[in-house]
Amino acid sequence: MTTLQEGYIDASGVNIHYYRANTHLPSVVFLHGIVEYGLCWERLSEIIHKDYDVIMVDARGHGRSDTPPSGYAPENHAGDVAALITQLNLDRPVLIGHSMGANTAALTAAQYPDRIGGLILEDPPWWEKDSPEMSGIRTAMAEKIHASILQDSLKSLCEVITSVQERYPCWHADDCLHWAIAKKQVRLEILSGMHQPRPPWQEFASRIQCPTLLITGEPSLGAIITPEVAAEALTLIPQAVELHIANAGHNVRRDKFESYTRGVRAFLNSLQIDHPTSPPTTECCPEDPRY
């Protein structure tokens, strides 16, 4: 891959770190899941970086970004992305996110509809109903992640890599490496956001105006989005289409990288983004980015 630049933007006093390549091309901003970091997207960004300005962000409390004592609600993460778009002077970038990052991408697009050119959402944490029972589920998840972070902090990086490879034997070695590095860098403050009330995803999903690709896996293998939730999302988001990838769990791209990559590239091509190296086009983005 082209040598990556590194930098920081200031999001209301919080320094947000990012990796970037090819600033002269149309921008794609990568938003990782919880307990990950920007370079967890490196394999996918390497596939598309010749055609796009790839920007891989470390969310607050992750990677090399600052760790404020509080402020980890979805709105805080969306504000960080908006600040990044402003300070890097990005022109309607495509946002691609996984899990927490997918939720951040969707909320950003809902809050700043004129600033986002497209969305790719990999298994966002959207359930049918956000009930008191779901609050309990999030609390249990936070406790599990807390224990995992503490356990990994006592291991060497090599030991964490080995444990990831044993848990996910089908993953690529680079995915295992970055997953392990991320777990050695993450801070416990991030978990405070999992205990806070959050707006139902349906409220902001209905305000998304850009073309959206919802990537789903198999709930039986750990994916969050059920067929019922996917159908509801497609109803709420006017320009949304679903890419269901069989035999993939919550980490869709790591489980089925080739199928995932083909779908992402097809969606990006469907947006008909004007590249500086290509003849200019006067066509508008299609209202229904099916492929």
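For the structure, check the block above.
Residues numbered from 1 in each chain as written. Predicted model: local features only at pLDDT ≥ 70, side-chain atom pairs only at ≥ 80, totals over all residues. Heavy atoms only, no water.

Undergrad: Before we go on, may I ask you to explain helix α8 (residues 227–236) in this structure?
TA: Residues lying three or four places apart along an α-helix face the same way, a consequence of the helix completing one turn every 3.6 residues. When α8 is considered as a whole, its buried residues turn out to be Val229, Ala230 and Ala233. Around the axis of α8, the buried residues are gathered within 100° of arc, so they sit on the same side. Opposite the buried face of α8, at more than 90 degrees from it, the exposed residues are Pro227 and Thr235. Buried positions along α8 lie against α7 (201–205), β7 (212–216) and β8 (240–244). (Buried < 20%, exposed > 50% of the residue type's maximum accessible area, 1.4 Å probe, protein only. Helix = DSSP H or I, 4+ residues; strand = E, 2+ residues; numbered from the N terminus. Arc of directions from axis to C-beta. Contact = heavy atoms within 4.5 Å.)

Undergrad: Any chance you could explain helix α3 (residues 100–111) here in plain terms?
TA: Helix length check: α3 (12 residues) gives 16 Å between terminal C-alpha atoms against 16 Å at 1.5 Å per residue, within 8%. Summarising burial for α3: 11 of the 12 residues are buried, a large majority. Listed in full, the buried residues belonging to α3 are Met100, Gly101, Ala102, Asn103, Thr104, Ala105, Ala106, Leu107, Thr108, Ala109 and Ala110. Residues of α3 that are buried make contact with β3 (27–31), α2 (74–87), β5 (94–98), β6 (118–122) and α7. (Expected span 1.5 Å × (residues − 1).)

Undergrad: In this structure, what is going on with the packing of helix α5 (residues 157–167) against helix α6 (residues 173–185)? I would like to understand it.
TA: Helix packing for two helices is described by the angle between their axes and how far apart those axes are. Following both chains from N to C, one finds α5 and α6 inclined at 130°, their axes separated by 9 Å at the closest point. Relative to α6, the element α5 lies oblique. Here the hand of the crossing between α5 and α6 comes out right-handed. Across the interface between the two elements, Leu157, Val160, Ile161, Val164 and Gln165 of α5 pack against Cys176, Leu177, Trp179, Ala180, Ile181 and Lys184 of α6. (Axes fitted to C-alpha atoms, helices over the stretch in contact; angles between N-to-C directions. Parallel < 35°, antiparallel > 145°, perpendicular 65-115°, else oblique. Left-handed = near helix turned anticlockwise from the far one by under 90°.)

Undergrad: Even after reading the chapter, I still don't get the packing of aromatic side chains, so can you show me in this structure?
TA: A ring pair, where both rings are aromatic, is described by two values, the distance of the centres and the angle of the planes. Applying the stated criterion across every chain, the model contains 6 aromatic pairs. Plain terms: the ring middles of Phe30 and Trp41 are 5.3 Å apart, the flat faces sit at 50° to each other, and that makes the pair tilted. Pair noted here: Phe30 is in strand β3 and Trp41 is in the loop between β3 and α1 (42–48), with a separation of 11 residues, a long-range link. The residues Phe30 and Trp41 share a single accessibility class, namely buried. Linked through ring pairs, Trp126, Trp201 and Phe204 together constitute an aromatic cluster. Over the ring of Phe257 we find Arg43; its NZ or CZ atom is 3.8 Å from the centre of that ring. The lysine or arginine in question, Arg253, covers the ring of Trp41, its NZ or CZ lying 3.7 Å from the ring centre. (Phe/Tyr/Trp six-rings, centres within 6.5 Å; stacked < 30°, edge-to-face > 60°. Lys NZ or Arg CZ within 6 Å of the ring centre and 35° of its normal.)

Undergrad: Teacher, can you tell me more about the pairing of β8 here?
TA: On any regular strand, side chains alternate: one points to one face of the sheet, the next to the other face. Pairing of β7 with β8 involves 5 bridges; the strand directions are parallel. Counted as the bridge partner of Leu214 is Glu242 from β8. Crossover β7 to β8 through α8 is right-handed. (Pairing = 2+ DSSP bridges. Right-handed = clockwise from strand over helix to strand, strands pointing away.)

Undergrad: Mind showing me how you'd approach the packing of α2 against α3 here?
TA: Here α2 crosses α3 at 70°, and the two axes come no closer than 8 Å. One finds that α2 runs roughly perpendicular with respect to α3. Crossing of α2 over α3 shows right-handed handedness. Of the residues in α3, those in contact with Pro74, Glu75, His77, Ala78 and Val81 of α2 are Met100, Asn103, Thr104, Leu107, Thr108 and Gln111.

Undergrad: How should I be thinking about unusual backbone geometry in this particular structure?
TA: One non-glycine residue, Ser12, lies in positive phi territory at about 55°. Following the sequence through the fold, Ser12 ends up in the loop between β1 (5–11) and β2 (14–21). Positive phi, normally seen in glycine, also occurs at Arg92, with a value near 45°. Following the sequence through the fold, Arg92 ends up in the loop between α2 and β5. For Arg92, a relative accessible area of 41% corresponds to the partly exposed category.

Undergrad: Help me understand the sheet that holds β7, please; the structure alone is not making it clear to me.
TA: Hydrogen bonding along the main chain pairs the strands of a sheet, whether they run parallel or antiparallel. Spatially, the 8 strands line up as an open sheet ordered β1-β2-β4-β3-β5-β6-β7-β8, and their pairing is mixed. Since the sheet does not close on itself, it has two edges, and those belong to β1 and β8, each with one partner. Each neighbouring strand pair of the sheet contributes to a mean axis angle of 20°, computed without reference to strand direction. As paired elements, β3 and strand β4 (residues 53–57) share 5 bridges and run parallel to each other. Within β4, the residue paired with Ser27 across the bridge is Asp53. Sitting on the sheet, α2 is in contact with β1, β2, β3, β4 and β5, with an inclination near 115° to β1.

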